[in-house]
Amino acid sequence: MKKSIIEKLFWVPNFFTIAIRKKNGERDSLFYNRFFRSELEMKSSPKHWIADPILAQEGEKTFLFYEACHNGKGLIEVIELLENGKTSLPKIVWEKDYHLSYPFVFKEGDNWYMIPESGAGNQVQLLRAKVFPYEWDCVAVLLEEGYVDTTVQKINGKYILITFKPQTRSEEVVPKAFWMKFNDLKFELKEIEWKEYDSLKVRGAGQFFTENNKIFRPAQISTRDSYGEGIEIKQVEVREESYREQTVFQVFPKDIKFKKYKFDGLHTYTSTERYEAIDVRCSFFDILKPIKKIIKQTNLSK
């Protein structure tokens, strides 16, 4: 996305918020229209912002899980999307001493599970709902390292788990894919090959989804020093020993109709049969940005 000189010089990415819309028909989605018109925009501010929306449908009810960041520390909240176009009040469902985000939820049988991003705790934890969607217990540790944006999808009766290892001083990540078996809370991960990827255009950006009997996945578009520039929709191909995907199309801020804030980036996309949600990166005007940039570059060169 091209930016004007004024935007490059003075506008600064600052905080995220979430936009929600209700679908009207089977083919009413970002996938088919390549456009997202916001109907409900959640409140957000630099000190209390929200991101990483993940939708979950249970019967006739739809819930939205997300990261709520209070003064730099993230925790997991949930709201119910109501038929009158409003939402329930947010409720905290998972909180730790360390930062949490990306509350990926999925259902297996009668149980709901969540894998919140807990890279700051150097673990990939699996939670199970005691009372969905508000009460959760940690039932397993899937990985003992600080991976991010862990995402799960059932493909031909088997679960695949993908996750991403951040690289030092860059927004680049190294992706990993595993077949995941679990029975009675006994888990087994078998890594499979993931050879072809762009380390700046692969990080998880929401749930897999299926259209026309094909499987797709949203991924973040980043630069080396900035994340959330946009989203790529990738078509997925999984074999017994390998995972592959190729880009189908990209989504940038110009493709989003948003009312409340000036924004310059996208981060996570989620959809169900009835709703879509996306988070956008809001920005603010900073007259001192050029000076701050020069000071930063000077310090890095020392």
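The structure this text deals with has already been given above.
Just so you know, these numbers come straight off a predicted model, no measurement behind them.

Calculation rules
Residues numbered from 1 in each chain as written. Predicted model: local features only at pLDDT ≥ 70, side-chain atom pairs only at ≥ 80, totals over all residues. Heavy atoms only, no water. Phe/Tyr/Trp six-rings, centres within 6.5 Å; stacked < 30°, edge-to-face > 60°. Buried < 20%, exposed > 50% of the residue type's maximum accessible area, 1.4 Å probe, protein only. Lys NZ or Arg CZ within 6 Å of the ring centre and 35° of its normal. Helix = DSSP H or I, 4+ residues; strand = E, 2+ residues; numbered from the N terminus.

### Some details on the packing of aromatic side chains
Consideration 1: One pass over the structure, following the stated rule, counts 23 aromatic pairs.
Consideration 2: With a centroid separation of 5.1 Å and an interplanar angle of 85°, the aromatic rings of Phe31 and Tyr32 are classed as edge-to-face.
Consideration 3: A residue is classified by how much of its surface remains accessible, and Phe31, at 11% relative accessible area, is buried.
Consideration 4: Here the aromatic cluster, defined as three or more aromatic residues joined through ring pairs, consists of Phe31, Tyr32, Phe209, Phe216, Phe249 and Tyr269.
Consideration 5: Against the face of Phe249 rests Arg34, its NZ or CZ located 3.7 Å from the ring centre.
Consideration 6: Directly above the ring of Trp179 sits Lys158, whose terminal nitrogen or CZ lies 4.1 Å from the centroid.

### Points about unusual backbone geometry
Consideration 1: Residue Pro133 is reached from Phe132 by a cis peptide bond, and omega for that bond is 5°.
Consideration 2: When you line up the elements, Pro133 lands in the loop between strand S10 (124-131) and strand S11 (135-143).
Consideration 3: The phi dihedral of Arg34 falls on the positive side, at around 60°, and the residue is not glycine.
Consideration 4: Structurally, Arg34 is set in the loop between helix H2 (30-33) and strand S2 (36-37).
Consideration 5: Despite not being glycine, Asn212 has its phi angle at roughly 55°, a positive value.
Consideration 6: Counting through the fold element by element, Asn212 comes out in the loop between strand S16 (209-211) and strand S17 (214-223).

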